[in-house]
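Survey of secondary and tertiary structure
The primary structure of each chain is shown beneath.
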Amino acid sequence: SISGGSENTASGESSSVSGGSSKVVSSDNASVFGGEDNFEKELKSNILSDIPFTKDAEGWWVADVAMFRFPKGVVIGVKSSTCTYGEGTLSVNSVSGVSGNCPEGDGSVTFGRSNTASGKWSSVLGGYGNTASGKYASVLGGSENTALGDYSSVSGGSNNAASSDGSSVYGGEDSLEKNLKSTILSDIPFTQDALGWWVADMAMFRFPQGVVIGARSSRCAYGDATLSVSTKDDNFGNCPEGDGSVTFGRSNT
């Protein structure tokens, strides 16, 4: 049956068209109500007006200017198939599986790649293969770093571990140590040769108190500006007690 409208067709058995224009009902027992197109448009418009997003000209969904709350958490990008997500977590993740980021601890945050924040309220803010397992622990970046202790932190570098509560490690200590050692050694008048001997610079040296080569004698009250070569630190040691005195040999005073 066709109740009205124009250019409508009801070809199925017990089918009907209520109205509208150019409607076709070909299946048995089917029906079409006229004006579905307008109804669909109005319904879609009403539904979209109730959600807090608007689609811009480039196809981006833009949130309303309002506060949003996500009780469980938010993953931006890809869900990691190997992660057990904590409550109230945030993760930016570009890959799935073992290489994905995993905020396991409640209130934890993970950025970078293949990072894990398993401690409550912990965070890994970048880098690769880092782990923050202590409560309130953090790793800022680098690779294969671990913040194990509660309130611990690793700033960066590689293969560093902050294992004690409240401890911190600054990345790049190895390079810093080498540079510092090089700077310190450049300021002293000795150079270590290939055999481990310290060789003095070609310069004059002054020792206001004195010099002992070998062992210090426990029985001696050394004078000023003295020189002694002694091989025993006992009653047989040499002892230059007088100012400006020199002792060689054994058990000499």
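Here, the structure is the one placed above.
Now for a look at the structure at hand. Computed from a predicted model, the values in this text were never measured in an experiment.

Thresholds, definitions, all that
- Residues numbered from 1 in each chain as written.
- Predicted model: local features only at pLDDT ≥ 70, side-chain atom pairs only at ≥ 80, totals over all residues.
- Heavy atoms only, no water.
- Buried < 20%, exposed > 50% of the residue type's maximum accessible area, 1.4 Å probe, protein only.
- Helix = DSSP H or I, 4+ residues; strand = E, 2+ residues; numbered from the N terminus.
- Pairing = 2+ DSSP bridges.
- Disulfide = S-S within 2.5 Å.

1. Considerations on the pairing of strand E21 (residues 226-230)
The side-chain alternation of E21 yields one buried face, formed by Thr 226, Ser 228 and Ser 230, and one unburied face, formed by Leu 227 and Val 229. Note: strand E20 (residues 210-214) against E21, five bridges, orientation parallel. Residue pairing in the sheet places Gly 214 in a bridge with Ser 230 of E21. Across two bridges, the pairing between E21 and strand E22 (residues 246-247) is parallel. The partner of Leu 227 across the bridge, within E22, is Val 246.

2. Comments concerning the sheet that holds strand E12 (residues 131-132)
Pairing within the open sheet is parallel, and its four strands lie in the order E10-E12-E14-E16. Of all strands in the sheet, those with a lone pairing partner are strand E10 (116-117) and strand E16 (161-162), marking the two edges. Here two bridges tie strand E14 (residues 146-147) to E16, and the two strands are oriented parallel to one another. Opposite Thr 146, over in E16, you have Ala 161 as the bridge partner.

3. With respect to the state of the cysteines
Within the structure shown, the criterion is met by two disulfides. Covalent S-S linkage joins Cys 220 and Cys 239, the inter-sulfur distance amounting to 2.0 Å. In this structure, the disulfide formed by Cys 220 and Cys 239 twists by about 80° around the S-S bond and is classed as right-handed. Note that Cys 220 is positioned in the loop between E20 and E21 and Cys 239 in the loop between E21 and E22, a separation of 19 residues in sequence. By relative accessible area, Cys 239 is classed as buried at 0%. Shown here for the protein is a disulfide pattern of 1-2, 3-4, where each number marks a bonded cysteine counted in sequence order.

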